[in-house]
Amino acid sequence: MSIFVTGATGTIGKDVVRGLQAKGAAVKALSRSPRDTEGRLQWVQGDLDSPQSLDLAGVETLFLLTGVVKNQVDQARQLLDRARQAGVKRVVKLSVIGADLRPGIQLTRWHGEVEELLRQSGLGWTFLRPNTFLQNFITFNAATIREHSAFYTAQGEGRVSYVDTRDIAAVAVEALLDAKHDGHAYTLTGPQALTAAAAAEVLSDALKRPIQAVHVSDDAYRQGMLKSGMPDWMVELMMELNATNRVGTFSAVSTDIATVLGREPISAAQFARDFSAELRPLTKA
């Protein structure tokens, strides 16, 4: 029996695939473009908008990772229907911190809806609810950190217990391989909650130069995202998240990573050291 990994080419999915390979698991991994089979890793071409076409033959466990898209609940519903038809037994869902809160914000509500679909599905389930990724400092802020030694934030003085995506993937691997995690919802955070200013200090130490957290107004932040080409609906998701983080809603530190992995989660300082090369100014050829 094999494990099917959606989102397999993304930041978390790639590490999930690598982790499963290291454990000797048979893996089917979803990709939009064709790729060659690599040992016990078989690439399946397709996407979540056409789940009925996905090859789930011989799959026992599914890693469910949907992108930040408006139809993510429908994608998940259709994929779960397909999974039941194919005989899948268990699902590990990458959810989000706060998915169990009511009323929550739009992002958490979408994930909460998918969690409820899984509870009603008859399939075994595990929910992984990570906080904001430390890797977002690379994804969204690398350019200004490299060029201006600064990142721009509307988080205010709120604290966030940022988590390293490598830890999320490691927990996912354990949950995919062992049914003892069925019925559990794990909140995944780093070992400490940081303000934006504290995060800037951590980056400064790792990069050996001062990094500033530049606080901007909601309007300036919104306009910056719109100018970058981000669609209106996604901008509003981010504005809701900023407002939530300003009041420290997601500042609590969870012990779930330590419980599952038997070690402490990766710290922001370790993350900054590990990825410092990606945040240093680019050298001219």
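Definitions and cut-offs
Residues numbered from 1 in each chain as written. Predicted model: local features only at pLDDT ≥ 70, side-chain atom pairs only at ≥ 80, totals over all residues. Heavy atoms only, no water. Pairing = 2+ DSSP bridges. Helix = DSSP H or I, 4+ residues; strand = E, 2+ residues; numbered from the N terminus. Axes fitted to C-alpha atoms, helices over the stretch in contact; angles between N-to-C directions. Contact = heavy atoms within 4.5 Å. Buried < 20%, exposed > 50% of the residue type's maximum accessible area, 1.4 Å probe, protein only. Right-handed = clockwise from strand over helix to strand, strands pointing away.

Caption draft 1: How the structure looks around the sheet that holds strand β6 (residues 124-130). Pairing within the open sheet is parallel, and its seven strands lie in the order β3-β2-β1-β4-β5-β6-β8. Lying at the two open borders of the sheet, with one neighbouring strand each, are β3 (41-45) and β8 (185-188). Recorded for the sheet is a direction-independent mean angle of 20° between the axes of neighbouring strands. As paired elements, strand β1 (residues 2-5) and strand β4 (residues 59-64) share four bridges and run parallel to each other. Residue pairing in the sheet places Ser2 in a bridge with Val59 of β4. Running over the sheet, helix α1 (residues 11-22) touches β1, β2 (27-31), β3, β4 and β5 (90-94) and is turned about 165° from β1. In this fold helix α3 (residues 106-119) packs onto β4, β5 and β6, with an angle of close to 165° to the strand it touches most, β6.

Caption draft 2: Looking closely at the pairing of β5. Burial analysis of β5 places five of its five residues in the buried class, the great majority of the element. The alternating pattern of β5 places Arg90, Val92 and Leu94 on one face and Val91 and Lys93 on the opposite face, and all of these are buried. Bridge analysis of β4 against β5 gives four bridges, and the strand direction is parallel. Counted as the bridge partner of Leu64 is Lys93 from β5. With helix α2 (residues 72-86) bridging β4 and the parallel β5, this β-α-β connection has right-handed handedness. Note: β5 against β6, five bridges, orientation parallel. Directly across from Arg90, in β6, lies its bridge partner Gly124. Since β5 and β6 lie parallel, the crossover through α3 that links them has a hand, and here it is right-handed.

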